[in-house]
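Single-letter residue listing:
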Amino acid sequence: MLIALFGAIESGVIYAIMALGVYLSFRVLDFPDLTVDGSFVTGAGITAMLIVDGTPPVMATIIGAFAGFIAGCITGLLHTKGKINALLSGILMMIALYSINLRFMGRPTISLLNETTLLSQLESAWAMTGIDTGITGLLTALGADRVPSTWGILILMAILTIAIKYLLDFFLKTEVGLAIRATGDNQKMIRSLSANTNFLIIVGIGLSNGLVALSGALVAQHGGFANSNMGIGMIVIGLASVIIGEALFGKKTIARVTLAVIGGAIIYRIVVTLALRADYLNLESSDLKLITAVLVIIALITPKILQARREKKRRQAKRNALMKRKEGEASA
Amino acid sequence: MLKLEDISMTFNEDTPDEKIALQDVNVELEKGEFVTVIGSNGAGKSTLMNVISGSLIPDVGNVLINDQNVVNFPEYKRSKMIGRVFQDPMAGTAPSMTIEENLAMAYARDKKRRLVPGVNKKRQDFFQSYLETLSLGLEDRLNAKVGLLSGGERQALSLLMATFTEPYILLLDEHTAALDPSRAELITEITQNVVDQFGLTTLMVTHNMQQALDLGDRLFMMDKGQIILDIKGEEKQNLTVKDLLDEFQRIRGKQIDSDRAVLG
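Please read these numbers as outputs of a predicted model, since none were measured by experiment.

S.K.: Looking at this model, I keep getting lost on the pattern of salt bridges. Mind explaining?
M.R.: A side chain with one charge may pair with a side chain of the opposite charge, provided their charged atoms come close. All names here are of chain B. Under the criterion given, the structure shown has 17 salt bridges over all chains. For Glu-153, the salt bridge goes to Arg-141, with nearest N and O atoms at 3.7 Å. With Glu-153 in helix H5 (residues 151-163) and Arg-141 in the loop between helix H4 (121-132) and H5, this pair connects stretches of sequence that are twelve residues apart. Exposure remark for Glu-153: the relative accessible area of 15% places this residue in the buried category. Residue classification places Arg-141 among the partly exposed residues on the basis of a relative accessible area of 32%. Measuring nitrogen to oxygen at the nearest pair gives 2.8 Å for the salt bridge that ties Arg-250 to Glu-247. Note that Arg-250 and Glu-247 are positioned in helix H9 (residues 241-252) at a spacing of three residues, about one turn of the helix. We classify Arg-250 as exposed; its relative accessible area is 59%.

Pasting the structure below:
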């Protein structure tokens, strides 16, 4: 159980980078960008292909992320210059990327099991610090019988994800970042304040897909393979993370939301793992997409129901107070 | 400062819906001139504003700002030189962002946007000192989301954002029309103050004839895509609403429905 939860948190932290990308397009730019399903694979596929070809893993990862950035820019171009509806631009790009990714990859699945990846490099560097032995010793002393083989990936990936979060927080408060946020909030207004909204949308969607592709590149290296189908439903997973995060942790400030999105991504993984492991539910891994859809629906509906109930209670309390006052006046 | 040369614009040309919005408009505004523009609906006032701001590109003609022909500049480029306030109080600000963030975006209007924080201590003080001039208490609410402000407050903020970088041209498109009378009066007063303070060259569209007479030092009356009346200086000072209606009638040579002229 501990191992399963650990695995869920570990991948949650990596998928959180993708969720931050989805947050940037979906929430900040108010742009429902479906490119994500394709650009996730672009990052994974190109990085895997390059690693197999002998490119240093760090370079391969950066190139993979950059390829996602380019894909996003093209979606932005289709929407702004081509005047194609946002949803449709994303769908077109997603479909086009499916073929493009296969072209790059050369085959539907690339295995990385016997390759040196960025994550395996980090893992061996981590092993030299000897922190694992310490944590394992501590956990065993606390009574855990099976412990994760390494904490390095979790901790290093968490550091990377948090660093990206802080960079994103900073960026969204810069002059350019403010203009990007305003583009999603009131385009007419920011254009009247001399911001080139077309450019900002292109760059924003580009950055969003760059993060998604980076996440894809890391997921491929973590899982040990890249597959041309691994991106299917990724946008919904991203949305699930954003929506669950916002519902649970609030969205008062930018820094709060980005943290919430990371939390949402981790919680999503935990819930999915628990659901799949719950024998009485009798779920199989092919039910994953259904679980995701149900999760998003719950996260969307629950806050509204709670809000409605709170309102109802508040009104009832006021009504009771009024009745009491009237009774008091009648008896007086 | 602002010069319009032979501007013509027709919508839906060669269709039954053809509409001549502007017809050979020639105008020159001196620096610091404050022009009020009146006219019935469809007279071409909004089209004129949109042609100047760059939201619309005229069929023919030039728009010169500070002797530079900007007719082929896209809207965002032109807005470095032009401040605008729209009729809809919701249109001029970003609701989910804070007051200081909105001001920071307006502050960056005439500069290149960079990767440095939009708000810092120095700018906050600067924003505060300007917000104080509104006397609405907004200076104490820098971190409030603009969506929480009332329509009047948002319009006052829009006005400040449009003006405090001292653009060459200020365009006000019926910016008090959606407010209640007392708020409209307040915004009118603020308008007068900021235009005076910065000496801005201003074009203000209004349907309120009295407002058109009270504000500014020059007045255009538009009809059927043309400026049919251009009054300035002392002559404008002595003008009354009745004069305007008579003048309109004389030029057009027909009985007009006064309600339509007043209310549009």
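S.K.: How should the domain arrangement of chain A be read in this particular structure?
M.R.: In many analyses, interface size is given as the accessible surface area lost on bringing the parts together. Residue and element names in this part refer to chain A. By domain assignment, chain A separates into domain 1 (2-283) and domain 2 (291-332). For domain 1 and domain 2, the distance between their C-alpha centres works out to 39 Å. Summing the contributions of domain 1 and of domain 2, the shared interface buries around 750 Å²; its carbon and sulfur component is 92%. Area buried by domain 1 at its contact with domain 2 is led by Ile-243, Ile-244 and Tyr-268, which between them contribute 43% of it.

S.K.: Could you clarify how one ought to interpret the sheet that holds strand S5 (residues 68-69) of chain B in this entry?
M.R.: Paired through backbone hydrogen bonds, the strands of a sheet run either parallel or antiparallel to each other. Residues and elements named next belong to chain B. Spatially, four strands are ordered S2-S1-S4-S5 in an open sheet, and the strand pairing comes out antiparallel. Each having just a single partner strand, strand S2 (19-29) and S5 make up the two edges of the open sheet. Packing against the sheet, helix H1 (residues 45-53) makes contact with strand S1 (2-11), S2 and strand S4 (60-65), and its axis sits at approximately 120 degrees to S1.

S.K.: I'm lost on helix H1 (residues 2-28) of chain A in this one. Help?
M.R.: Three- or four-residue spacings in an α-helix give side chains the same orientation, since the helix completes a turn every 3.6 residues. At Ile-14 of chain A, H1 of chain A shows its maximal kink, close to 30 degrees. Asp-30 of chain A, located one to two residues past H1 of chain A, shows a positive phi value of around 55 degrees.

S.K.: Please clarify how the interface of chain A and chain B should be interpreted in this entry.
M.R.: Contact with chain A, which involves 22 residues of that partner, is made by 32 residues of chain B. Note on chain A versus chain B: buried area summed over both sides is about 2300 Å², and carbon and sulfur give 58% of it. Interface area lost by chain A to chain B is led by Glu-175, Leu-193 and Ser-194 of chain A, which between them contribute 28%. Inspection of the chain A/chain B interface yields four salt bridges.

S.K.: Explain the side chain of Asp-169 of chain A to me, please; I cannot follow it from the model alone.
M.R.: If you trace the backbone, Asp-169 of chain A turns up in helix H7 (residues 152-171). The contact partners of Asp-169 of chain A, leaving out residues within four places of it in the chain, are Ile-254, Ala-255 and Thr-258 of chain A.

S.K.: Please explain the environment of Gly-233 of chain A as it appears in this structure.
M.R.: Residue and element names in this part refer to chain A. Relative to the helices and strands, Gly-233 resides in the loop between strand S2 (225-227) and helix H11 (234-249). Relative accessible area serves as the criterion here: at 16%, Gly-233 is assigned to the buried category. Residues Gly-233 and Leu-288 lie 55 residues apart in sequence; the distance between their C-alpha atoms is 9.9 Å.

Procedures and definitions
Residues numbered from 1 in each chain as written. Chains lettered and ligands numbered in written order. Predicted model: local features only at pLDDT ≥ 70, side-chain atom pairs only at ≥ 80, totals over all residues. Heavy atoms only, no water. Salt bridge = Lys/Arg side-chain N within 4 Å of Asp/Glu carboxyl O. Helix = DSSP H or I, 4+ residues; strand = E, 2+ residues; numbered from the N terminus. Buried < 20%, exposed > 50% of the residue type's maximum accessible area, 1.4 Å probe, protein only. Domains from an automatic or database assignment. Buried area = accessible area lost by both parts, 1.4 Å probe. Pairing = 2+ DSSP bridges. Contact = heavy atoms within 4.5 Å. Axes fitted to C-alpha atoms, helices over the stretch in contact; angles between N-to-C directions. Bend = angle between axes of the 7 residues up to and from the residue.

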